[in-house]
Amino acid sequence: MIWVGVVLCIFVLIFLVIYFTTLTILIRVHKSDKRNEAIFIFKCWNGLIRYEIKIPFLKIDDDGPNVVFEEDKKSGNNPKKEKKETKKVTPEEVTDSFSDMKTLLEHIKAMHKIISSFMATIKIRNFKWETMFATGDAARTGIATGLMWTTKTTFISVISTIFRLMNKPVIHVQPVFQGKGLESRLSCMVQFRIGNAMKAGFKMIRYWRGGKATFKTLPLSKLSSTKKNETMN
């Protein structure tokens, strides 16, 4: 029994240490003609544990971005294969549809509340975003400069409402009216307590287990009942 108590105390101690540990993520993004990569460095316990992920950016073709879609083609030349269905919509189905929409919105709202409460505990420090660019045309460069400033200030405004900015972000735009090119650097430090992430995860698991949505209309409710009947057979 003594050994059981000792092992239990060790597990509790390890859990508490992990729970109150602060995870630090260093983010560095560099986009230029010579260097295109994003680096994520995960650290805790003053760098005792350190893990680095380097993600190189995909290069874009000089002719422009090309996206290929696979398309399934179905022949519509044979009129015999065409089917026409007539469906009757009752007032009960309309009412059930509104009820399902309300249920779905309530679940989305509850899930958003869990995620947003966790994001509000995330701290962002030393945010810095510098951009130097030239379009090859002075007039276009001037217009692009204004758009770049608007984009950056809007981005800062959005993240300040989601996360906790611990100090004033540094943003800079430097237009070059000769030549053509782009260089952008972004760096910041993201910190949060692992315990807060664990609590958010436990809340989401408990929410999905005990708060599953029940829909009255197709395809969700009748589809689930059909699957149950097939399983029983």
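Cut-off values and rules
- Residues numbered from 1 in each chain as written.
- Predicted model: local features only at pLDDT ≥ 70, side-chain atom pairs only at ≥ 80, totals over all residues.
- Heavy atoms only, no water.
- Helix = DSSP H or I, 4+ residues; strand = E, 2+ residues; numbered from the N terminus.
- Buried < 20%, exposed > 50% of the residue type's maximum accessible area, 1.4 Å probe, protein only.
- Contact = heavy atoms within 4.5 Å.
- Areas by Shrake-Rupley, 256 points an atom, 1.4 Å probe, with all protein chains shown as cover.
- Core = buried A, V, L, I, M, F, W, Y, C linked by side-chain atoms within 4.5 Å.
- Salt bridge = Lys/Arg side-chain N within 4 Å of Asp/Glu carboxyl O.

Looking at an unreviewed UniProt entry, one finds the protein chain named DUF2953 domain-containing protein and attributed to Mangrovibacillus cuniculi.

S.K.: I keep staring at the overall build of the protein chain and nothing clicks. Help me out?
M.R.: Each helix and strand in the protein chain was counted, giving five helices and seven strands. Seen in sequence order, the protein chain has helices and strands lined up from the N terminus as α-β-β-β-α-β-α-β-β-β-α-α. Taking all 233 residues of the protein chain together, the buried fraction comes to 20%. Taking the contacts inside the protein chain whose residues are at least 6 apart along the sequence as the reference set, 71% of them involve residues at least 24 apart. As displayed, the protein chain offers around 18,900 Å² of accessible surface, 62% of which is attributable to carbon and sulfur atoms.

S.K.: What am I meant to see in the nonpolar core here?
M.R.: In summary, soluble globular proteins display a tendency toward joint burial of nonpolar side chains. In this structure, I25, F127, C188, V190 and F192 are the most contacted members of the largest nonpolar core, which totals 18 residues. Broken down by secondary-structure element, the contributors of at least two residues to this core are β1 (22–31), α2 (91–119), β4 (123–135), α3 (138–162), β7 (180–193) and α4 (194–210). Ranked by residue count, the leading element in this core is β7, at four residues. Leave out the neighbours within four places in its chain, and V190 touches L23, T24, I25, I27, I122, K123 and I124.

S.K.: What is the right way to look at the side chain of T141 in this model?
M.R.: For T141, the position within the fold is in helix α3. Beyond its immediate chain neighbours, meaning those up to four positions away, T141 contacts F133, A134, T135, G136, P175, V176 and F177.

S.K.: Is there a simple way to think about the pattern of salt bridges in this case?
M.R.: Pairs can form between side chains of opposite charge whenever their charged atoms are close. Scanning the entire structure with this criterion turns up three salt bridges. E52 is the salt-bridge partner of R50, the closest N and O atoms lying 3.5 Å from each other. A relative accessible area of 49% means that R50 is categorised as partly exposed. Residue classification places E52 among the partly exposed positions, given a relative accessible area of 36%. Its salt-bridge partner being E130, residue K128 comes within 3.8 Å of it at the nearest N-O pair.

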